[in-house]
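The residues making up each chain are set out below.
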Amino acid sequence: MTLTGRRPAPAPPTALKDVMATPHVARLLAGTLLGRLPNSMAPAALVLLITHSGGSVAFGGILSALYILASALSQPVKGRLLDCYGQTRVSGPAAFINALSLLTLATVSAQSQPVLATALVALAGSCTPPLEAGLRALWSSVLPDPGQRRAALAADTGSQGLLFVTGPLLAAFLASQYGPGTALAATAATGVTGSLIVLTSAPSRAWSSPAKHHGTRSALHNRALLQLLFALAGVGVANGAVTVWAVGMAERHQMDMLTGLIPGAYAAGSLIGGLLYGRRPWPGSTVSHLLAGTAAFAAAWLPLLTLPGPHPAIALALLPGLFLPVVITSSFMTADRLAPAGNITETYAWMILSLGVGTASGTALAGALAAHPLAAATLPLAGAATALTVLTAARRRAATTVTR
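Summary of the structure given here. (Residues numbered from 1 in each chain as written. Predicted model: local features only at pLDDT ≥ 70, side-chain atom pairs only at ≥ 80, totals over all residues. Heavy atoms only, no water.)

### Structural notes on the pattern of salt bridges
Part 1 of the reasoning: Under the definition given, this model contains 5 salt bridges.
Part 2 of the reasoning: Between Asp-156 and Arg-36 there is a salt bridge, with the nearest N and O atoms lying 3.5 Å from each other. Taken together, the residues span a long stretch of sequence, with Asp-156 in helix H9 (residues 146-178) and Arg-36 in helix H2 (residues 25-36) at a distance of 120 residues.
Part 3 of the reasoning: Between Arg-136 and Glu-132 there is a salt bridge, and its shortest N-O distance comes to 3.0 Å. With Arg-136 and Glu-132 both in helix H8 (residues 131-142), this residue pair falls 4 residues apart, about one helical turn.
Part 4 of the reasoning: Note on Arg-136: relative accessible area 4%, which makes it buried.
Part 5 of the reasoning: Three or more residues joined by partner-sharing salt bridges are found here, namely Arg-36, Glu-132, Arg-136 and Asp-156. (Salt bridge = Lys/Arg side-chain N within 4 Å of Asp/Glu carboxyl O. Helix = DSSP H or I, 4+ residues; strand = E, 2+ residues; numbered from the N terminus. Buried < 20%, exposed > 50% of the residue type's maximum accessible area, 1.4 Å probe, protein only.)

### As for the packing of H9 against helix H10 (residues 180-199)
Angle between the axes and distance between the axes are the two parameters that describe a pair of packed helices.
Part 1 of the reasoning: Close contact between H9 and H10 brings their axes to 6 Å; oriented N to C, the two are set at 140 degrees. By the angle class used here, H9 and H10 are oblique. In this structure, H9 crosses over H10, and the sense of that crossing is right-handed. Facing Ala-171, Leu-174, Ala-175 and Tyr-178 of H9, the residues of H10 in contact are Pro-180, Thr-182, Ala-183 and Ala-186.
Part 2 of the reasoning: In terms of residue class, the contact of H9 with H10 is built from 7 nonpolar, 1 polar and no charged. (Axes fitted to C-alpha atoms, helices over the stretch in contact; angles between N-to-C directions. Parallel < 35°, antiparallel > 145°, perpendicular 65-115°, else oblique. Left-handed = near helix turned anticlockwise from the far one by under 90°. Contact = heavy atoms within 4.5 Å. Nonpolar A, V, L, I, M, F, W, Y, C, P; charged D, E, K, R; others polar.)

### Considerations on H10
Part 1 of the reasoning: Compared with the 28 Å implied by 1.5 Å per residue over 20 residues, the 29 Å span of H10 between its first and last C-alpha is a close match.
Part 2 of the reasoning: Those residues of H10 not exposed but buried are Pro-180, Ala-183, Leu-184, Thr-187, Ala-188, Thr-190, Gly-191, Val-192, Gly-194, Ser-195, Val-198 and Leu-199.
Part 3 of the reasoning: In the core, the buried residues of H10 are packed alongside H2, helix H3 (38-52), helix H6 (88-107), H8, H9 and helix H11 (202-206). (Expected span 1.5 Å × (residues − 1).)

### Structural notes on the packing of aromatic side chains
Part 1 of the reasoning: One pass over the full model with this rule turns up 3 aromatic pairs.
Part 2 of the reasoning: With 5.6 Å between their ring centres and 45 degrees between their planes, Tyr-266 and Trp-301 make a pair best called tilted. One end of the pair, Tyr-266, is in helix H14 (residues 258-278); the other, Trp-301, is in the loop between helix H15 (286-299) and helix H16 (310-338), with 35 residues separating them in the sequence. With respect to class, Tyr-266 is no different from Trp-301; both count as buried.
Part 3 of the reasoning: Between Phe-297 and Trp-301, the aromatic rings sit 5.7 Å apart at their centres with planes inclined by 85 degrees, giving edge-to-face as the arrangement.
Part 4 of the reasoning: Connected via pairs of aromatic rings, a cluster forms that spans Tyr-266, Phe-297 and Trp-301.
Part 5 of the reasoning: The ring of Phe-332 carries the charged tip of Arg-136 above its face, separated from the ring centre by 4.1 Å.
Part 6 of the reasoning: Lying over the aromatic face of Tyr-277, Arg-150 brings its terminal NZ or CZ to 5.1 Å of the ring centre. (Phe/Tyr/Trp six-rings, centres within 6.5 Å; stacked < 30°, edge-to-face > 60°. Lys NZ or Arg CZ within 6 Å of the ring centre and 35° of its normal.)

### Observations concerning the side chain of Ser-201
Part 1 of the reasoning: For Ser-201, the location among the structural elements is in the loop between H10 and H11.
Part 2 of the reasoning: Within the local environment of Ser-201, its side chain forms a polar contact with the backbone oxygen of Val-198, the two atoms lying 2.6 Å apart.
Part 3 of the reasoning: The contact partners of Ser-201, leaving out residues within four places of it in the chain, are Arg-27 and Leu-28. (Polar contact = N/O pair within 3.5 Å; in protein donor to acceptor, adjacent residues only side chain to side chain.)

### Comments concerning the nonpolar core
Part 1 of the reasoning: Leu-105, Val-235, Trp-245, Ile-262, Phe-297, Trp-301 and Met-351 are the most contacted members of the largest nonpolar core, which totals 92 residues.
Part 2 of the reasoning: Of the residues forming this core, the biggest block, 13 residues, is contributed by helix H13 (residues 223-253).
Part 3 of the reasoning: When neighbours within four sequence positions are excluded, Leu-105 is seen to be in contact with Leu-46, Leu-49, Ala-117, Leu-120, Val-121 and Leu-184.
Part 4 of the reasoning: One finds Val-237, Ala-241, Val-244 and Ala-366 within the second-largest nonpolar core, a separate group that totals 5 residues. (Core = buried A, V, L, I, M, F, W, Y, C linked by side-chain atoms within 4.5 Å.)

Have a look at this one:
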């Protein structure tokens, strides 16, 4: 079978409320979102911890970036461990090590013990529990119907953006009211609570990958999956660039609120798009959804090239967000059919890593281009266009056999 896929049989409409009423779905989704909130709280809390103690923003930024990078780079390893040993035996200890590291960090003087502080941040980041990859591996057992899986995945994807708006705001509020140590403690508690909600559920406890029966061939041996990973990195570039572009807009127009309002509009668009995409079946195959969604995602960045003013910029940021859930949801559903037997969680983890690396790259590039408004506004489009080019070439040339 090629990457083009096959047109599915017509499916009845899928109501999201029916999907959410399915046993375990609401619990798994809510627990995973809560358990992943620290992914956006911790970087902000780390910067605040350093600056509130008299340290430099630069050192705080380094620790924040280290946490994000360690979490991203460790995803494939944690995904493979999940496939081999199950969710409880991997995500449970990881959540507690992550929490303990953050709590210890709150008691350490990072200024006088920078090496210890750096080591604790690296450990905490490396041990962020792989809840996102784990949840997506669970959907096939909880929701055997493909339409219901698509609805749940779209809702999950659409709500992710809100985490990265809510998390920093919550960390900043706690740090300003009760101190940065409290913000870190709340981050640790939130992560453990969300993880326990997921890991104590029946589907998570019972889940088992066929890895021990079918071998452990890596997802990276599949050419089509490699192309998909590269495309997702391009999508990540757009995600990372829009945050820094918002900062540049705020500085040029002397409106600090744009720093939060533009990413907030992008996140709101993602939530709306996820709900719309998941509520009913759409014509065409999953791969055609991926290509159409990526094309629309790229086109939605074009209005930024007009260098809009503050209020139009907020409205325009909503547009690409609408199509982001289509891209992410159809990417994971395509990978579900291409993943090597027994390595579905590892495959998902590689996809999360690709998005994370792309986001970090987009953030760095946007920072370098911040002094050039047109170049900074072009960067999200460039990332999305790269993703579309790779996916189009993959559909035309790939002849990858589905192994799962």
